[in-house]
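Spelled out from the first residue to the last, the chains are:
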Amino acid sequence: MEFTRLNEKHVRDLMTMVPTERFSTGESTLDLHSRDQSHHRPTRPDGVIWPIGKSEVSRILGYANEHTIPVTPWGAGSSLEGNPIPVHGGLVLDFSLMNHIIDIREEDFQADVEPGVIYKDLNEKLRHKGLFFPPDPGADATIGGMIANNASGTRTVRYGSTKDHVLRLSVALANGEIIDMGTRASKSSSGYDLIHLFVGSEGTLGIVLEATVRLVGLPSEFSAGIATFPDLGAAGKAVFGILRGGLSPATLELLDPKCVEVINRERGLGLKALPTLFMEYHGSSEEQVSELMEMARDISSSEGCVDFRSGIGRAERDHILGARHELGEMIFRAHPGYRVLSLDIAVPITAYPEIISGASHEVLERGLVGYTFSHAGDGNIHLLLAGEEDDSCQWAVIDQVSEKIVLKALALGGTATGEHGVGIGKRRFMEAEHGKALVWMKRIKALFDPKGILNPGKIFP
Ligand SMILES: Cc1cc2nc3c(=O)[nH]c(=O)nc-3n(C[C@H](O)[C@H](O)[C@H](O)COP(=O)(O)OP(=O)(O)OC[C@H]3O[C@@H](n4cnc5c(N)ncnc54)[C@H](O)[C@@H]3O)c2cc1C
């Protein structure tokens, strides 16, 4: 596909659609929109626009489509697969000014939001109403970016991922046409499910301008625990036991010994450097969450758990799980001057110990710096591989190892990405994962975006 780079005439034309203070071609702005939080190499856009309304986005898209100028939507730039990097230049639409919570209908458990709303800000507002929006990628992500990546997080095991919380979308297509999909009913069997086509499409099919999201009641009581196991097999069995036992954990995370060492260093928790489960339970009373924690303790003990700590209440929960939530940043901090590849795969739960021990073996054998942690209840594994910024030999090995692990995940019936999306990094696995279905994905892309201007260079190999 041949794209047009932004020239002076385009800039003049675009200036008639948005005021100067919301359009920039300045060096520092272009740099800020050239990279996400991944290890992928940055590429600058030609210009950045901060839209403030639907009709503005529609006009800009119509113009860009006519002139075959690439348009890449931008939320908070916290992606880990290069998803918002404008690899073909063109325009970036930064949605940070479209950040209004339009309406909260608490008795319907719904909120209407603009795409630039940071999910943590929404949850702060909802807290006073006893509600929350459960998907929690951890970073300061926007709801537009979460919808585009179908983000999930530590609470997905109980509450589902972003796709389970989107009821209605207003989307601008590549030609500037705006369409609404979905309803405010909590379920529907009407027609093709366009919402779930757009959720996870990484801004390649259309741009989200407004969403109605599903909320849930904030639990009144919390408990959290840390269980240490002698080996991975025992921890895997405990995960299965907790899920099968109907304990419905709100968080069930498995950390490898190296992650535990990092947490000990930063938080002084003094945990044994062994495979460790971090877990959380939600309920309506202290008795209920205590009982769930005791059941988890019993299950863990029966699988050979060597240390079990727990706490009841919000403060205890925050103390115990805070360490897990900040693990990513702690690892980044532990390796200043390094780039970190954040590998994200998911497999059936039964394949879980095999893939993790295979990954650990590879890391050891190839002499790499690697940390494995996972949303264990979902079979979603992250392997963080750190390499010196300019050591191309080391990065070649990191690349080989990550490819081997992804192919193994696919062979075990899993996916190349559980939650970070395809972006740039996982394009090469699309054929292996989807086979003939990939041809139909390409046809869908061509139908919605015939000139391919929306976030080009992503998803497709
Ligand atoms: C420390 C750390 C931890 C993380 N942990 C997790 C985790 O546990 N789970 C998880 O899922 N992710 C995680 N992430 C990744 C990231 O936070 C999520 O993918 C998040 O959803 C990205 O949101 P964003 O607002 O930053 O979007 P961006 O990175 O800006 O964009 C993401 C994608 O959405 C597109 N996009 C943005 N806005 C729109 C719009 N309005 N319409 C259409 N497309 C749009 C972009 O083009 C891009 O393709 C983590 C990231 C970091 C840095």
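Residues numbered from 1 in each chain as written. Predicted model: local features only at pLDDT ≥ 70, side-chain atom pairs only at ≥ 80, totals over all residues. Heavy atoms only, no water.

Visitor: Help me get a handle on helix H3 (residues 54-66), residues and values and all.
Guide: Helix length check: H3, at 13 residues, gives a terminal C-alpha distance of 18 Å against a target of 18 Å (1.5 Å per residue), a fit within 8%. Buried residues of H3: Glu56, Val57, Ser58, Ile60, Leu61, Tyr63, Ala64 and Asn65, and no others. Immediately beyond the C-terminal end of H3, within one or two residues, lies threonine 68, with a positive phi of roughly 55°. (Helix = DSSP H or I, 4+ residues; strand = E, 2+ residues; numbered from the N terminus. Expected span 1.5 Å × (residues − 1). Buried < 20%, exposed > 50% of the residue type's maximum accessible area, 1.4 Å probe, protein only.)

Visitor: Account for the site of the ligand, with residues named and values stated.
Guide: As a structural note, the neighbourhood of the ligand is formed by 34 residues, with Pro73, Ser78, Ser79, Pro137 and Thr142 the closest of them. Residue serine 79 places a side-chain N or O atom 2.6 Å away from an oxygen atom belonging to the ligand. The side chain of threonine 142 places a nitrogen or oxygen atom 2.7 Å from an oxygen atom of the ligand. A total of 980 Å² of accessible area belongs to the ligand in isolation, and the protein chains cover 94% of it. Every element with two or more residues in the shell around the ligand is listed here: strand S3 (71-74), helix H5 (143-149) and strand S10 (207-214). Looking at the shell around the ligand element by element, the count peaks at 5 residues for H5. Its residues assigned to classes, the shell around the ligand shows 15 nonpolar, 17 polar and 2 charged. (Near = heavy atom within 4 Å. Polar contact = N/O pair within 3.5 Å; in protein donor to acceptor, adjacent residues only side chain to side chain. Areas by Shrake-Rupley, 256 points an atom, 1.4 Å probe, with all protein chains shown as cover. Nonpolar A, V, L, I, M, F, W, Y, C, P; charged D, E, K, R; others polar.)

Visitor: Give a description of the domain arrangement of the protein that names residues and reports values.
Guide: Splitting the protein by domain gives domain 1 (8-95), domain 2 (97-217), domain 3 (221-327) and domain 4 (335-422). Between the C-alpha centres of domain 2 and domain 3 there is a distance of 29 Å. Across the contact, 6 residues belong to domain 2 and 10 residues belong to domain 3. Buried area between domain 2 and domain 3, summed over both chains or domains, comes out near 730 Å², and the portion from carbon and sulfur atoms is 52%. The interface formed by domain 2 and domain 3 contains 3 residue pairs in polar contact (both at pLDDT 80 or more). Looking at the side of domain 2 that touches domain 3 residue by residue, the classes come out as 2 nonpolar, 1 polar and 3 charged. (Domains from an automatic or database assignment. Contact = heavy atoms within 4.5 Å. Buried area = accessible area lost by both parts, 1.4 Å probe.)

Visitor: How would you explain the pairing of strand S14 (residues 276-283) if you had to name every residue and give the values?
Guide: Most of S14 is tucked away: 8 of the 8 residues are buried. Side chains of S14 alternate between two faces, with Thr276, Phe278, Glu280 and His282 and Leu277, Met279, Tyr281 and Gly283 buried alike. Of the strand pairs in this sheet, strand S12 (residues 221-228) and S14 are connected by 8 bridges, and their pairing is antiparallel. What sits directly across from glycine 225, in S14, is methionine 279. Across 5 bridges, the pairing between strand S13 (residues 251-255) and S14 is antiparallel. Within S14, the residue paired with leucine 255 across the bridge is threonine 276. (Pairing = 2+ DSSP bridges.)

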